[in-house]
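Topology and contacts: notes
Now for the letters of each chain:
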Amino acid sequence: MKLSSAKVPRESKGASQSHGGHHNSKRKSGYTILPFQPADQPEQWSSVAVDMHNNNINNHQQPQNSHTSTSRSSDYSAGAAEPCATGNKWASRLLTECARAISDKDSSKIHHLLWMLNELASPYGDSDQKLASYFLQALFCKATESGQRCYKTLTSVAEKGHSFDSARKLILKFQEVSPWTTFGHVAANGAILEALDGETKLHIIDISNTLCTQWPTLLEALATRNDETPHLKLTVVVTANIVRSVMKEISQRMEKFARLMGVPFEFNVISGLNNLGELTKEALGVLDDEAIAVNCIGALRRVAVEERGAVIQMFQSLGPKIVTVVEEEADFSSTRYDFVRCFEECLRFYTLYFEMLDESFSPTSNEKLMLERECSRSIVRVLACDNEQENGGGECERRERGSQWSDRLKEAFSPVGFSDDVVDDVKALLKRYRAGWTLAQLHQDETGLCLTWKDEPVVWASAWKP
Amino acid sequence: MIQPHHEPIWDFASVGFPTTITISSIPRQTVENRCINLERNDLSQWVIDDTPAAETGTYHHSSSLQADASIVYEDNFAPSMMLGDFRPRKTVRRSFWDGSCDEELQWGNELGNQISNVCENDERNGRGLCRSDERGLSLITLLFECAVAISVDKLGEAHRMLVELTQMASPYALSCAERVVAYFAKAMSSRVINSWLGICSPLINYKSVHGAFQAFKNVPPFIKFAHFTSNQAILEAFHRRDRVHIIDLDIMQGLQWPALFHILATRIEGPPHVVRMTGMGSSMELLVETGKQLSNFAKRLGLSFEFHPIATKFGEIDISMVQVRRAETLAVHWLQHSLYDATGPDWKTLRLFEQLAPRVITLVEQDLSHGGSFLDRFVGSLHYYSTMFDSLGAYLPADDPSRHRIEHCLLHEEINNILAIGGPARSGEEKFKHWRSELARNCFVQPCTRRWNTWAWMEKY
């Protein structure tokens, strides 16, 4: 890829003509200063630039631009100027253009768009600025092939800063302002309780990173619903490194809580797995007289795409009475060999997510910032890390839609609809949050329930039996 | 894959600074010395911010910030660090996710654990620092390491450290130092990317910048103070003059002038026969709007007023564009900032000053230099903006949206520009380090009498 290098001279030469270097029209010297000469300018740029620019077209956005300068087309210089201050969705346009340029390997365009994004982006600004910032990071990594390194750094920093307190605070605050996570909990608990009703020895295999925030209500329901409280064994399989360190704290609290509820309880943690498919009945401590429930929240997406079938077979081998699966509605999996399509899907999903965060949290919330940073790691992982490097450690992040998961699960299980009671519970839950959240069933024959945010499906919950 | 730009292009030789910098040599020393001073101020702030009111075990939200802040400003321009004492934070008890559990059943109902940055049990290590101090210190240390890496062209290393740093520091933190680090890290990260791309021009959203500046003018008294003193100097220069002309090199919304017009309209010797204003700025549309507002205001006061907008940088105009008339008393006003380059080449600006020979130049300078090498600017601006952030923090609560707006849309923009390749002008031009000395050297004299006990001719904030 030929680079067009843009050079700013070391010091002012005194002459007004070349000062700042922005007017340098000497192409022959090998320097092309941005903004580019009109000859270089592909037509698409003007349209992008003019689009994102609503009324304030003037020549003064380039710093050294005198009133009479004509060394570049006015369209271009105008366009490289003020983005509309009132949210013109400039970010998604610029980002998509840049992704296409990367896919086309158009070096000068990549340079230019990355520069614009870099100038306009900020992780602490409005929605557009945030999207621009996090996606810019991924695009930059992609263009410089430093995605894997960046991702490693991001996750190691996150792990270092992670503590039980910070994680708990974060999860609880998120649950307080948004049903994004609690939706799945309520639906899954409802399905599990109904499927295991009447059983005396329950064994729930919890494959998730929810820090067990799902289980207190279930324990409470077990304690109050039946005359004879069943024995509950909870085996938590931790799939993200970041959560491992806090599980000890959690196990103590869970045991204490169960004691208080009067539920006979046993708690185990399995972590350090490279591959979920490697789990066995023995490793999980599954006994023949137990009624098994497999609860999978946000975990299947962490499995490498080629191994997902094997994991579902593994579930089947445990002989569960019910399997509950909750995932986010986005498809980064079928598009994984098509950068632009994957990018667009990523952008679509995270635009929704960021908007949801902006509307649910206060503007200066640290918790919101933590969640956004978590997204930034996923974005880098999906967009800037090669597929081949998706080794174990459960950090794949390639989401699939409910319909895709259903196709996989149908190989080993058949769907169970959520009962009216459970649906009522979920509806009651949604009422406790701000407007914008509703329930949907995607199509007549689609399985599971979908949580929608402003009519866009965002989280999918489903239940399965053998 | 994009290759990084190979030529070292982000910094310019400046007067008096060594051109080769190695990590173990003098600049590091200087950096460390300044770092210590900075830490002393901020350490106390961190300790106060992050220590809970452990004795009572309860927390309350202080609503008396405004009153405290105004008291301090009367005595002392820079707000005292001790204001931190009056700012305990509110914490919320959260019941376990569905509200049906009793409080005993909560996760983490231990008071101490509610706060993340707490000085746990007041553990202090050998250096007398508790955990939040250490956190702040390690952030600042890492920030310095990044700056040094950038100054010696180790982009990859700097980028890696900045990726870390930007994940660790939050701009919503209670600690002002952490906020400063968050914004500095982001600015440096932006610069690294620009270096990599080989481009350093800015893209400026003037509307957003002007809006944030307006918010800034309404909050801390810095700007109001500058307006007041410069207006007084202009009034003095206009004493008994009938034809007056003010040139404002970067007028923005012209918020300073109504007050002046008011005094001119009601002065003892009667208002001037004509008041002319030449307003300069970035966008003709914004200038025309400002002109309209000022004209309306002047009309209501019965002042005869003319407004001339010039949408060019002062350093780039021809003197004939200013249209100074005979027998006119000229005042030039310049409120400097680092949001964008308002005036172009400094030497040209100075020459124009000499040609115009105004009766008074009122110059409001930031205590910050746009010139010099990257490290120079880095250290100077770290010091300067730490003070700015601290003073905002003394004035406004941590979660105040206007505070966030000022910090993000204004201070962060300035930081971004100062740390950018070539500083705010991003042009490679040499900028004066110190306008005051330049003006003094070039036959502009500071008047010596003043009643209000402030600098009339040169103010700094």
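Everything discussed here concerns the structure shown above.
In this report, we go over the structure that sits alongside the text. (Residues numbered from 1 in each chain as written. Chains lettered and ligands numbered in written order. Predicted model: local features only at pLDDT ≥ 70, side-chain atom pairs only at ≥ 80, totals over all residues. Heavy atoms only, no water.)

1. Re the overall build of chain B
Along the backbone of chain B there are 13 helices and 6 strands. When the 461 residues of chain B are sorted by exposure, 59% land in the buried category. Taking contacts inside chain B between residues at least 6 apart in sequence as the whole, the part at least 24 apart equals 78%. Working note: accessible area of chain B is about 18,900 Å², and carbon and sulfur atoms make up 52% of it. (Helix = DSSP H or I, 4+ residues; strand = E, 2+ residues; numbered from the N terminus. Buried < 20%, exposed > 50% of the residue type's maximum accessible area, 1.4 Å probe, protein only. Contact = heavy atoms within 4.5 Å. Areas by Shrake-Rupley, 256 points an atom, 1.4 Å probe, with all protein chains shown as cover.)

2. Focus on helix H5 (residues 176–197) of chain B
All names here are of chain B. Here H5 contains 22 residues, and its C-alpha end-to-end distance of 32 Å stays within 8% of the 32 Å for a straight helix at 1.5 Å per residue. Summarising burial for H5: 21 of the 22 residues are buried, a large majority. Following H5 by one or two positions, glycine 198 has its phi on the positive side, about 85°. (Expected span 1.5 Å × (residues − 1).)

3. Topic: empty space enclosed by the protein
Residues and elements named next belong to chain B. Per the counting criterion, the structure on display carries 16 cavities of 30 Å³ or more. Approximately 230 Å³ is the volume attributed to the largest cavity. Lining the largest cavity are 21 residues, with Trp334, Gln336, His337, His370 and Trp435 positioned closest to its centre. Residues that form the lining of the largest cavity fall into these classes: 9 nonpolar, 6 polar and 6 charged. (1 Å grid on protein atoms, 1.4 Å probe; cavity = no way out; pocket = protein on both sides within 12 Å on 5 of 7 lines; lining within 4 Å. Points joined across faces, edges and corners; volume = space filled by probe spheres on them. Nonpolar A, V, L, I, M, F, W, Y, C, P; charged D, E, K, R; others polar.)

4. Considerations on the packing of helix H8 (residues 182–195) of chain A against helix H9 (residues 215–225) of chain A
Residues and elements named next belong to chain A. At a minimum axis distance of 10 Å, the contact between H8 and H9 shows a crossing angle of 35°. For the pair H8 and H9, the sense of crossing is right-handed. Between H8 and H9, the residues in contact are Asn189, Ile192, Leu193 and Glu194 and Trp215, Thr217, Leu218, Ala221, Leu222 and Arg225, respectively. Considering only residue class, the contact of H8 with H9 consists of 6 nonpolar, 2 polar and 2 charged. (Axes fitted to C-alpha atoms, helices over the stretch in contact; angles between N-to-C directions. Left-handed = near helix turned anticlockwise from the far one by under 90°.)

5. Details of the packing of helix H7 (residues 221–237) of chain B against helix H8 (residues 257–265) of chain B
Residue and element names in this part refer to chain B. Interhelical geometry of H7 versus H8 gives an angle of 35° and a closest axis separation of 10 Å. Like other packed secondary-structure pairs, H7 and H8 cross with a definite hand, here right-handed. Residues Asn231, Gln232, Ile234 and Leu235 of H7 pack against Trp257, Ala259, Leu260, Ile263 and Leu264 of H8. Of the residues belonging to the contact of H7 with H8, the class tally is 7 nonpolar, 2 polar and no charged.

6. Digging into the pairing of strand S9 (residues 456–465) of chain A
Residues and elements named next belong to chain A. Counted residue by residue, S9 has 8 buried out of 10 residues, so it is predominantly covered. The pairing of strand S5 (residues 322–328) with S9 spans 6 bridges and is antiparallel. By the bridge assignment for S9, glutamate 327 is matched with tryptophan 460. Bridge count between strand S6 (residues 414–416) and S9: 3 bridges; the pairing is antiparallel. Bridge assignment links proline 415 to a residue of S9, and that residue is tryptophan 464. The hairpin formed by strand S8 (residues 449–453) and S9 contains 2 residues between the paired strands, and lysine 454 there has a positive phi angle of roughly 50°. (Pairing = 2+ DSSP bridges.)

7. Concerning the environment of phenylalanine 307 of chain B
All names here are of chain B. Positionally, phenylalanine 307 belongs in strand S3 (residues 305–310). Between the alpha carbons of phenylalanine 307 and serine 295 there is a distance of 7.3 Å; along the sequence they are 12 residues apart. Residue contacts for phenylalanine 307: discarding those within four places in its chain leaves Ile251, Met277, Gly279, Leu287, Gly291, Leu294 and Ser295.

It is worth stressing that arrangement in space is one thing and function is another; only the former is reported here.
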